[in-house]
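Each chain is listed here by its residues.
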Amino acid sequence: LRLRGLSLVLERTPSGQWGVRGLPGQTRGQDPLRTLEGLGELQVIGGKLRIVAPANGIDVAIPRVDLRMQVDGPRVRVGVRAWPAAGDSPLQASLDIDRVRGDGRAYAGARRIDLAGWSSLLRWQGAMLVSGHGRAQSWLALKDHRVTSVVSVSDLRDLARPEVRQRLRSIWLA
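Residues numbered from 1 in each chain as written. Predicted model: local features only at pLDDT ≥ 70, side-chain atom pairs only at ≥ 80, totals over all residues. Heavy atoms only, no water.

### Let's talk about the pairing of strand 2 (residues 7–12)
The test is simple: A strand pair is defined by DSSP finding two or more bridges across the two strands. Here a helix means four or more residues in a row that DSSP labels H or I, a strand means two or more in a row labelled E, and each is numbered from the N terminus.
As paired strands, strand 2 and strand 4 (residues 42–53) are joined by 5 bridges and run parallel to one another. Bridging across to strand 4, Leu8 finds its partner in Leu49. Between strand 2 and strand 3 (residues 18–21), which pair antiparallel one after the other, the connecting turn spans 5 residues, and Gly16 there sits at a positive phi close to 95°.

This is how it looks when you write it as structure tokens:
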């Protein structure tokens, strides 16, 4: 099944569970992935993605995503390319997980990335990056619905946090 312009919402509940809204054939109380299992593969071209995690202060809209998803019983495989704005290089991500056991692996990265486009997602514990560029890749192992290991390789330059940028402006304008 190939769809264009589908709007999806990836949402984290207060209990920490992640869910997806906006999938074809999705109704309340039913497993949306069970509906997709009989289709073989779902492809979304030029879709939109909103990521909502209220406990983490995240509510971000990604204006363009291309996605491929395969569901085979408990196994779900997903590949995504996401662009924060027109003309930017995409972030690529993949997930291969047994959603019953919670075992699997994930990848996210970009060979060329401008962090300014992703700054709304780059905050943690009050710290935030507003700019920078380079290469970043991360591989995650999942066991029992938890991240058990992370391997990251990055070469990022010209990183800036909001406070640092403001201080530099104050110095230059003085």
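### Observations concerning the pairing of strand 11 (residues 131–143)
One face of the sheet, then the other: side chains in a regular strand alternate in exactly this way. In this sheet, strand 11 lies alongside strand 8 (residues 103–114) in antiparallel orientation, the contact comprising 9 bridges. Bridged to Tyr107 within strand 11 is Trp139. Inspection of the sheet shows strand 11 paired to strand 12 (residues 146–160) by 12 bridges, in the antiparallel sense. Across the sheet, the residue bridging to Leu142 is Val147, located in strand 12. Connecting the antiparallel pair strand 11 and strand 12 is a turn made up of 2 residues, with Asp144 showing a positive phi of about 55°.

### Focus on the environment of Val130
You can see Val130 is positioned in the loop between strand 10 (127–128) and strand 11. Between the C-alpha atoms of Val130 and Ala160, which are 30 residues apart in sequence, the distance is 5.8 Å.

### Some points on the side chain of Asp98
The criterion, for reference: Note on classification: 1.4 Å probe, protein chains only; a residue is buried when its accessible area is under 20% of the maximum for its type, exposed when over 50%, partly exposed between these limits. Within 3.5 Å is the distance limit for a polar contact, defined as a pair of N or O atoms, with the added protein rule that one can donate a hydrogen and the other accept it, and that residues adjacent in sequence qualify only through two side-chain atoms. Residues are treated as being in contact if the distance between any of their heavy atoms lies within 4.5 Å.
By the element assignment, Asp98 lies in strand 7 (residues 91–98). What makes Asp98 buried here is its relative accessible area of 15%. For Asp98, the side chain forms a polar contact with the main-chain nitrogen of Val100, separated by 2.9 Å. Sequence-distant contacts of Asp98, defined by excluding residues within four places in its chain, comprise Pro74, Arg75 and Asp103.

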